[in-house]
Structure formats: C-alpha cells, structure tokens
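Breakdown of the fold
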Amino acid sequence: MTYFESTRSGSKADGLTAVLEGIAEDGGLFVDPNLQEHSLCLDEIEGKSSFEISSMILHALLPGFEDPEKLVQNGYQGKFSCGEILTPLVRISDDFSVLELFHGPTSAFKDVALSLLPLLMSEARRRNEPEKQIVILTATSGDTGKAALEGFRDVSGIRILVFYPENGVSEVQRKQMVSQEGRNVRVCAVKGNFDDCQTAVKKAFLELKRGGLLQNVILTSANSINIGRLVPQIFYYFSAYTQLLAERSIQKGELVDFSVPTGNFGDILAGYYAKKMGLPVGKLICASNQNRILTDFLRTGEYDTNRTFHQTSSPSMDILVSSNLERLLYYVSEGDKKFVSDCMQRLSTEGKYKVSESTLKRLQEEFCGYTADEEKTVKCIRKVFEEHGYLLDPHTAVAWSAAEQYKKETNSQRHMVVLSTASPYTFTDVVCRALGLTSKGTAYQDMRMIEGLTRTEAPRNLLKLESSAERFQDVIGREEIVSYVQKYIEERGEL
Ligand SMILES: *Cc1c(COP(=O)(O)O)cnc(C)c1O
C-alpha cells in the first residue's frame, strides 16, 4: 500500500491529500517511505515513449489517481514543440549529451512538471473537496510564474494569482505573464524586489488562514515542494536512458552520470528517485553558480546560509535555502524523522546545520558538487558554441562546466548527460555578451540577431510575444498584497 509521510513527524497522507495540501501540517515535506519498492526494470521501459514512461511512473508513485494515461495525454499532448518525445537528447560527442527540458509552452523546464501538477490537483479537489475552490498564490522571480499560469490556465475548480517584482524580471518574462490567456488567471506586479514579494505573499497566507476567511477555499502554492511537482520530473531520466539505448551510445545496464543545474533541488532529486527506482545512474553532479552553498555542503557536510547572496546570470539558481534537500536528508538517513527535524530546526534558528561524517559519506556516494562562477559560465557558453556549434543558456552552462570539472577530476569514462533547463533565447543579454555581440535594443531584435548568427531557431512562443496584447496592468505596494488577495478570493469567480 502506497502512502506518504511527513519528513518531520511521520504523520501520514494518501497521494490525493499530499497533492492537495502541498506541505505537511508540521512543516515537513511528503515522502514515500517505500520508494525503492516501486522499481521499473530496463526491459519494461526500453522502447517506450515518454508518455508511456511518464504514465508508468505516475501509476507507481501516485496510485490513488484514476487514469494516469489520460492525465499524461491531457497534460502534454500537443503542448511541447518537439512532439511526444517531450525531452529530446542531443548527442554532443561520444560520451557527452544534453537533455533538453525546455520545449514546453513557455520554454521553461518548469513546464514539464507544471503541465501535470494542475491536473493532479484538479482531480484531488474533485474527489476529496468538491465543494471547495482552489486558489493558487505564487510569488515568482520569473520562470515559475509563467509556467504555472500556463499550466493552470482554464483548469476547472482552480484559480491562480501570480505576483512578480515590478523591476525584478526580464522584459520577456514580464510579457509572458501579463499577456497570459485563460479565464482563471490573474497577474499583479509588486513594487519591491523578489524577497519583498515572497515575504508579503507568505504573510498573506498566514493572515488569511488565521482570519478564518477561507471557508470555501483551499489556498495553496505551486512551488516545487509539492510531491505532484516532483513525480512528473522523474520520467525524463528514464527517457534519457532509453534514448541513449536506442542510439546505441550505451549498453543496457551501463551506468550514466547526470549533471544538473540546481536551485531548489527538485530537478536533481528526481534523478535520485529514478536511481532508487532502479535506473543505472552513476553520479549525480549538483551544479551551482556563485551561490555555492550546495557545493560546500556536499564537500564538508555543513549547510550554512550565513553568507552573501549573489545575483547571477542564472537567476533560477540564485537560492540559499534549497527546500527539496529536506527529502534527501530523509532518505539518506533511512527515514530518521528526528534527524531531519533537528536539521530543519537548526536551519531556522541558526541558519545552518551539519551532518555526521557517515551521513556525508553516504551523500558523496550518490552526489558531488561543482561550481561555475560568472566568468566560467560566460566562457563556457562561448567555448561550447565555438567547439560544438551548440548554444547554451547560462543555467545549462553552469551544469556543463560542472560536468567538465567532474570528468577532469575523476577521469570518469561514463556517458555524461547534462540537463538543459532553459532555452538560450530566454537569456539573450547573457548570450549576446558571451558571443561578443552588441545588443540591438529589444530582446526580440536580439533573438533575431542570435538566430542569424548561430543558425538556431528562437522558440515561436517567445518571438510572438512582441506583438501580443497585455491583459494585466495592476501594480501595488507590498503592504497591499493581503487586501488584494482577500478581495480576489471574495470575487470567487465562476469556474
Ligand atoms: C527552476 C530552475 C532551475 C533549478 O531547478 P531546481 O529543481 O529548483 O533545482 C534551473 N534552471 C532553470 C532555468 C530553472 O527554471
């Protein structure tokens, strides 16, 4: 019998409840204590499509949902620019490939999970709380907001409200959000930076819950601690492996390494889950930008947030508290809830914790951490384009650089798959700088210039933003967020 428990107290929930609640009441995250029992053998997955693998994983890890095949169909069919492969593997050399995760509707890797999470939530609502409406409240620094808006658009029983910092997102990201279509979406700019925005949204959650204003509403968020966001990410590790088998780059059973540009630790944790489910994964390379807290943790065992926060050219990895690491602490300690609670308690009081030598050793058997600073990142984009004619976005460049450092240091002969989390066309300013091009003015002009120079194609959904109409104009101060949300909830809206 599959069930979930909280990483901190062990309180239990079934899959539908875990998806609906997102986070456990004790503040912990939902994990499946018997994860390794849900293995998929290679003979089962070889030759299967991404849709089939994705359904098999849903069926194994979230068995409470009625019809995984239909969920996957509805979530992905016709929405990805590369058809049913969803996440194509590009071979760069004999032992090096890139897995492209950015072919979804908003050209963000987060589309992969946010195409399914809304359907999981919608079913959980229909079956567990049919009288209630779900309101998704999200503060975004860019990529999560646009992927969440598109994923939740017109999903029944759910409305979504996204706040973004007025001057804290790129022009393309802003335009993606304010031109979003759908009758259940709303977008609002906040004066301030992302932290102000996020803090105010958290405050709104607490005040509205405390004020008892939520009788017929479930207020939740779309962030990456929801188990319904993690599970849909596992399939692409299996898919990468089947693609390598199909092109005969590896033999069945051979170990493959993955290098993952890491922020909140969701993407790389999905790789760890795939390994626990039996995929022949060698090392998982945890790649960080100048905010190298995870590299330091994986080398010393100390997770210490008392350090300077850097704004980098890979903003989705600018993060000091990687929430999903809590799930890894649970698994690596074999489900020791007291250990996890102690670490999280220390993190909240002292801003740091340290794990024992033996725990560190176990972590290092599975993971290793490498860092690429700003200079390394930009140089990597340039070098890879010159040597291979392949254009990287800054997040992927961090992972590429980490993969090279790892190969050099360990002399590993295993095939390396670098996960690519964004289209280079979402970060035209950095790409122009790396290639030595002078910006032409707008991001759209730069996209066309890069197209011409690199003979690659900008995603259609980004180019067409230039002429799309803006639907949302609201700009508010952060002190107005609570009343704005309250008013939004009271409107209810018919769904
Ligand atoms: C979210 C994001 C990441 C980080 O993924 P996590 O699952 O949070 O570790 C990396 N790159 C891009 C472009 C992202 O949007």
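For the structure given in this document, a descriptive report is provided here.

Reading the values: the criteria
Think of each chain on its own: its residues are numbered from 1, step by step along the sequence as written. Reporting of local features is limited, given that this is a predicted model, to residues whose pLDDT is at least 70; pairs of side-chain atoms are given and counted only at 80 or more, and all residues count toward the totals for whole chains, interfaces and linings. As a rule here, side-chain values cover all heavy atoms of the structure and leave hydrogens and water aside. Nonpolar core, defined: a set of buried Ala, Val, Leu, Ile, Met, Phe, Trp, Tyr and Cys residues in which side-chain atoms within 4.5 Å join the residues together. Note on classification: 1.4 Å probe, protein chains only; a residue is buried when its accessible area is under 20% of the maximum for its type, exposed when over 50%, partly exposed between these limits. Secondary structure elements follow DSSP: runs of H or I no shorter than four residues count as helices, runs of E no shorter than two count as strands, and numbering proceeds from the N terminus. Residues count as neighbours in contact if any of their non-hydrogen atoms are within 4.5 Å of one another. All axes here are fitted lines through C-alpha atoms, helices being fitted over the stretch that makes contact, and every angle between N-to-C directions spans 0 to 180 degrees. An angle below 35 degrees is read as roughly parallel, one above 145 as roughly antiparallel, one from 65 to 115 as roughly perpendicular, and any other as oblique. Here is the rule for handedness: rotate from the far helix to the near one, and if that takes an anticlockwise turn smaller than a right angle the crossing is left-handed, while a clockwise turn gives right-handed. Note on residue classes: Ala, Val, Leu, Ile, Met, Phe, Trp, Tyr, Cys and Pro are nonpolar, Asp, Glu, Lys and Arg are charged, and everything else, Gly too, is polar. Two strands are said to pair when DSSP picks up at least two bridges between them. The rule is short: rings of Phe, Tyr and Trp, with Trp giving its six-membered ring, pair when the centres are within 6.5 Å, and they are stacked under 30 degrees, edge-to-face over 60, tilted in between. Distance and angle both matter: a charge sits over a ring if NZ of Lys or CZ of Arg is within 6 Å of the ring centre and within 35 degrees of the ring normal. In protein, a polar contact means a hydrogen-donor-capable atom and an acceptor-capable atom, both N or O and within 3.5 Å, with residues adjacent in sequence counting only if both atoms are side-chain atoms; elsewhere, any N or O pair within 3.5 Å suffices. Clockwise travel from the first strand over the helix to the second, with the strands pointing away from the viewer, marks a crossover as right-handed. Counted as salt bridges are all cases of a side-chain nitrogen of Lys or Arg within 4 Å of a carboxyl oxygen of Asp or Glu. Both site types are read off a 1 Å grid over the protein atoms alone. A 1.4 Å probe that fits but cannot get out defines a cavity, while an open set with protein on both sides within 12 Å along at least five of seven lines defines a pocket; lining residues have an atom within 4 Å of a point. Grid points are joined across faces, edges and corners, and a volume is the space filled by probe spheres set on the points.

Judged by nonpolar contacts, the single largest core of 110 residues is most densely connected at I57, F152, Y237, F238, F258, Y273 and Y353. Sorting elements by how many residues they give to this core places helix α11 (residues 235–246) first, with 8 residues. The residues contacting I57, other than those within four sequence positions of it, are L40, L62, V231, I234, F235, F238 and M277.

This part is about the packing of helix α3 (residues 50–61) against helix α4 (residues 68–76). Packing of α3 against α4 leaves a shortest axis separation of 8 Å and a crossing angle of 130°. On the basis of the axis angle, α3 is oblique to α4. The way α3 lies across α4 gives a crossing that is right-handed. Residues F51, S54, S55, L58 and H59 of α3 form the contact with α4, whose participating residues are P68, E69, L71, V72, Q73 and Y76. For the contact of α3 with α4, the class distribution of residues is 6 nonpolar, 4 polar and 1 charged.

Spatial ordering of the open sheet is given by β9-β6-β7-β8-β16, a layout of 5 strands whose pairing is parallel. Two strands bound the open sheet, and with one partner strand each, they are β9 (217–220) and β16 (475–477). When strand polarity is set aside, the average angle formed by the axes of neighbouring strands in this sheet is 25°. Relative to β16, strand β8 (residues 185–191) is paired through 3 bridges, and the arrangement is parallel. Pairing of V190 across the sheet is with I476, part of β16. Against the sheet, helix α8 (residues 171–178) makes contact with β7 (158–165) and β8, and its axis sits at roughly 155° relative to β7, the strand it touches most.

Here we come to the sheet that holds strand β1 (residues 4–6). Strand pairing in a sheet takes place through backbone hydrogen bonds and is either antiparallel or parallel in direction. Ordered by their spatial adjacency, 3 strands build an open sheet running β2-β1-β3, and the pairing between neighbours is antiparallel. Looking at strand neighbours, the two that pair on one side only are β2 (12–13) and β3 (30–31), the edges of this open sheet. Alignment of β1 against β3, held across 2 bridges, turns out to be antiparallel. Bridging from a neighbouring strand, S6 pairs with F30 of β3.

This brings us to the packing of aromatic side chains. According to the stated counting rule, one finds 17 aromatic pairs in the structure shown. Centroid distance F163 to Y484: 5.8 Å. Interplanar angle 65°. Geometry classified as edge-to-face. In this pair, F163 sits in strand β7 while Y484 sits in helix α22 (residues 481–491), placing the two residues 321 residues apart along the sequence. Judged by relative accessible area, F163 falls into the buried class, the value being 0%. By relative accessible area, which is 14% here, Y484 ends up buried. Three or more aromatic residues joined by ring pairs make a cluster, and in this case those are F51, Y76, F80, F235, Y236, Y237 and F258. In this structure, R299 is placed above the aromatic ring of Y370, and the distance from its NZ or CZ to the ring centre is 5.1 Å.

This part takes up the side chain of T377. Along the chain, the position of T377 falls in helix α17 (residues 374–388). At 2.7 Å, the side chain of T377 and the backbone oxygen of D373 are in polar contact. Not counting residues within four places of it along the chain, the set of residues in contact with T377 comprises S313, A372, P394, A397 and V398.

We now examine unusual backbone geometry. In this model, L86 sits at a positive phi of 65°, which is unusual for a non-glycine residue. Turning to its location among the elements, L86 is positioned in the loop between α4 and β4 (89–93). Even without glycine at this site, D154 takes up a positive phi of about 60°. Relative to the helices and strands, D154 resides in the loop between α7 (143–152) and β7.

As a further point, take the pairing of strand β10 (residues 256–261). Note on strand geometry: in a regular strand, side chains alternate between the two faces of the sheet. Summarising burial for β10: 6 of the 6 residues are buried, a large majority. The pairing of β10 with strand β11 (residues 281–288) spans 5 bridges and is parallel. Following the sheet pairing, F258 is matched in β11 by L284. With respect to chirality, the unit in which β10 leads through helix α12 (residues 266–276) into the neighbouring parallel β11 is right-handed.

Bridging between β4 and strand β5 (residues 96–100) involves 4 bridges; their strand directions are antiparallel. Residue pairing in the sheet places L89 in a bridge with L99 of β5. In this structure, the hairpin formed by β4 and β5 is closed by a connection of 2 residues.

Taken as a whole and assessed by the stated rule, the structure comprises 31 salt bridges. Between K252 and D43 there is a salt bridge, with its nearest N and O atoms 2.6 Å apart. In this pair, K252 is assigned in the loop between α11 and β10 and D43 in helix α2 (residues 42–45), connecting sequence segments 209 residues apart. For E491, the salt bridge is made with R186, and the minimal N-O distance between the two is 3.0 Å. In this pair, E491 is assigned in helix α22 and R186 in strand β8, connecting sequence segments 305 residues apart. Exposure remark for E491: the relative accessible area of 43% places this residue in the partly exposed category. Where salt bridges share partners, they join E66, E123, R126 and R127 into one cluster.

Turning our attention to empty space enclosed by the protein. All told, the structure shown has 2 cavities of 30 Å³ or more when counted by the stated rule. Empty space within the largest cavity amounts to approximately 40 Å³. Counted by class, the lining of the largest cavity contains 4 nonpolar, 6 polar and no charged residues. The computed volume of the second largest cavity comes to approximately 40 Å³. Along the walls of the second largest cavity sit F4, D32, L35, L61, I227, V231, Y273 and Y331, which together make up its complete lining. A class-by-class count of the residues in the lining of the second largest cavity yields 7 nonpolar, no polar and 1 charged.

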